[in-house]
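Here is how the chains run, residue by residue.
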Amino acid sequence: LWEIAVRMYPQDEVANFNAANVAMARGDYDMASRYLDKAGDCPEVTYSRGCIALEEGDYDAALALFREADKRGVAEARAAVEAIESNWTVRVK
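A brief look at the structure comes next. (Residues numbered from 1 in each chain as written. Predicted model: local features only at pLDDT ≥ 70, side-chain atom pairs only at ≥ 80, totals over all residues. Heavy atoms only, no water.)

1. Here's the deal with the overall build of the protein
- When you go through the protein residue by residue, the secondary structure sums to 6 helices and 0 strands.
- Secondary structure elements of the protein occur, N-terminal to C-terminal, as α-α-α-α-α-α.
- Its C-alpha atoms give the protein principal-axis dimensions of roughly 50 × 25 × 15 Å.
- For the protein, with 93 residues in total, the buried portion stands at 31%.
- In the protein, the proportion of contacts linking residues at least 24 apart, taken out of those at least 6 apart, comes to 33%. (Helix = DSSP H or I, 4+ residues; strand = E, 2+ residues; numbered from the N terminus. Buried < 20%, exposed > 50% of the residue type's maximum accessible area, 1.4 Å probe, protein only. Contact = heavy atoms within 4.5 Å.)

What follows is the structure, encoded as structure tokens:
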């Protein structure tokens, strides 16, 4: 459904954001990234970019994006930051 909306309104930020979430749910992170490129720069988009970076193993980028999303009010971002930081602590020990 969301992919139909994004085809009908390819420049609509909300349609692209929703289509990105659908793509991420099915594990298609390349497509999700393309949709996010047209989804604007709201805090939730930043968080979604962090989720993709995390799935791709880019922990530095994920942490930076989650920190930014946290500063901008995305509640889930704080938990993501804490999880990454605690995992790094475990790896260092």
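2. Considerations on a nonpolar patch on the surface
- Together, Ile4, Met8 and Tyr9 line one region of the surface with nonpolar side chains, adding up to about 350 Å² of accessible area.
- The residue Ile4 is located in helix H1 (residues 2-8) in this model. (Patch = residues over 30% accessible without salt bridge, like charges linked within 9 Å, V, L, I, M, F, W, Y side chains within 5 Å. Areas by Shrake-Rupley, 256 points an atom, 1.4 Å probe, with all protein chains shown as cover. Salt bridge = Lys/Arg side-chain N within 4 Å of Asp/Glu carboxyl O.)

3. With respect to helix H5 (residues 59-71)
- Taking 1.5 Å as the rise per residue, H5 with 13 residues should run 18 Å; its terminal C-alpha atoms sit 18 Å apart, in good agreement.
- Buried within H5 are the following residues: Ala62, Leu63, Phe66 and Ala69. Buried residues of H5, viewed axially, fall in a sector of 130°; they line one side. Within H5, the exposed residues directed more than 90 degrees away from the buried face are Asp60 and Lys71.
- After H5 finishes, the residue Gly73 shows a positive phi value of roughly 100°. (Expected span 1.5 Å × (residues − 1). Arc of directions from axis to C-beta.)

4. With respect to a negative patch on the surface
- There is a patch of like negative charges on the surface, built from Asp30, Glu55, Glu56, Asp58 and Asp60.
- Mapped onto the fold, Asp30 is located in helix H3 (residues 29-36). (Lys, Arg positive; Asp, Glu negative; His and termini not counted. Charge placed at Lys NZ, Arg CZ, Asp CG, Glu CD.)

Function-wise, these values are silent; they only describe arrangement.
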